[in-house]
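Residue strings, one per chain:
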Amino acid sequence: LQTMSGNEDDWLALKPQEPYPSQCCGSGCKPCIYDVYEKELARWERAKAKQDKSLLTKKKEQSSNSELNPDTFTAFNISSVEQLTEDTYQYKFELPGNSSLRLSLGQHIVLRGVVNGLEVQRAYTPISPGNAEGYFEVLMKCYEAGLMSQYIKTWKKGDMVFWRGPFGGFPYQPNKHGELLMLASGTGLAPMVPILRSITDDEEDETFVTLVGCFRTFDKIYLKPLLQDLARYWNIRIFYVLSQETSLEKLPWSYQENTYIGRLNEELMKTIINSCRRKPFVLICGSSTFNEDMSRYLKAAGIEENSCFVF
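Rules behind the numbers
- Residues numbered from 1 in each chain as written.
- Predicted model: local features only at pLDDT ≥ 70, side-chain atom pairs only at ≥ 80, totals over all residues.
- Heavy atoms only, no water.
- Buried < 20%, exposed > 50% of the residue type's maximum accessible area, 1.4 Å probe, protein only.
- Helix = DSSP H or I, 4+ residues; strand = E, 2+ residues; numbered from the N terminus.
- Pairing = 2+ DSSP bridges.
- UniProt positions renumbered as here; feature names shortened; annotations may be inferred.
- Arc of directions from axis to C-beta.
- Contact = heavy atoms within 4.5 Å.
- Core = buried A, V, L, I, M, F, W, Y, C linked by side-chain atoms within 4.5 Å.
- Domains from an automatic or database assignment.

Comments concerning the pairing of strand β6 (residues 135-141)
Point 1. Of all 7 residues in β6, 6 are buried; the element is thus mostly enclosed.
Point 2. Pairing of strand β3 (residues 88-94) with β6 involves 7 bridges; the strand directions are antiparallel. Bridge pairing in β6 places Glu94 opposite Tyr135.

Considering the UniProt feature "domain: FAD-binding FR-type" (unreviewed entry) in the chain
Point 1. UniProt's entry tags residues 71-173 with the feature "domain: FAD-binding FR-type" (unreviewed entry), counted in the numbering of this structure.
Point 2. Taken end to end, residues 71-173 has its terminal C-alpha atoms 27 Å apart, with 6% of it in helix and 49% in strand.

Overview of helix α7 (residues 266-275)
Point 1. For α7, the full list of buried residues reads Leu268, Met269, Ile272 and Ile273. The buried residues of α7 all sit within an arc of 135 degrees when viewed along its axis, so they share a single face. Of the exposed residues in α7, the ones pointing more than 90 degrees away from its buried face are Glu267 and Asn274.
Point 2. Packing partners of the buried residues in α7 comprise β8 (179-185), β9 (208-215), β10 (236-242), β11 (259-261) and α8 (288-300).

Re the nonpolar core
Point 1. Membership of the largest hydrophobic core comes to 34 residues, with the highest contact counts inside it found for Leu180, Met182, Leu189, Ile195 and Leu211.
Point 2. Of all the secondary structure elements, the ones that give two or more residues to this core are β8, α4 (192-201), β9, α5 (224-230), β10 and β12 (280-285).
Point 3. Looking at which element gives the most residues to this core, the answer is α4, with 5 residues.
Point 4. Split by domain, this core shows at least three residues from each of two domains, domain 1 (21-48 + 71-167) and domain 2 (179-310).
Point 5. In terms of nonpolar packing, the next biggest core, distinct from the first, is built from 24 residues, Leu95, Leu111, Val115 and Val120 among them.

Let's talk about the UniProt feature "binding site: FAD" (unreviewed entry) in the chain
Point 1. Listed under "binding site: FAD" (unreviewed entry) in the UniProt record, and renumbered for this structure, are Arg122, Tyr124, Leu139, Lys141, Met148 and Ser149. Judged by maximum C-alpha separation, these annotated positions cover 28 residues in sequence but sit close together in space, the widest gap being only 13.7 Å.
Point 2. Along the chain, the position of Arg122 falls in strand β5 (residues 118-124).
Point 3. Structurally, the position occupied by Lys141 is in strand β6.

Dropping the structure here:
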């Protein structure tokens, strides 16, 4: 009997841990961390029923071949850290040789962090081109009270961090939509960038794009040089909506004519939609309240749900 209970303890020690709610990034990943847990639990139950521990050794918790994988976390090296605004950073991660992440447009990857012994996971969308070789870049905003932010703030060049993915994405096809209307709040700009780049890089792609970037102030607009470059293309227009600026006069003159002060409300949405050259297909990315507000304003402006995609 003694050996039996000792054996029970051994098996319990090997039982997979159920994830904490904080470990789920809430982005509808396939597989979700809970799916991975269910799979590992089923494997553990099979092994326990057969009393065969060797059935558990297939478990690949972290892969070291630097290939991104949806099921397991892979370590990547931070090669540079650039501060963009007071609370936003751009991180560059190394890929071995000249390999690339090969993400399709707007796909996100999930970061794992450990803070005070608690594991957290969050989804981020790389802003580097999907075919970038030897590296990928991610835009990250740090929040005062954010668990993941506390972890990210400790990063420096040379650190190893763990990612898995890719997930989601917008099934973009060149020339499928006459015009894309992109509504982005803050770091919600991230999934829009690879799509914009793919349109401007493809001479055959004649899709019109209207990007509306919502930020608090002029200083908080991310990636200004890149956005200025993109706005030079004949088919790309960029508007800014700044909720906490007081007057346009303070802005550089090149921004004055395409910037609105205040919030992106129902009235402004109608103005922007009316200025679109074709009936737009809308991409939305921001906080959940932003996404809900935008969906509501679009409905009021006569844009149906099947003409919208929320990241």
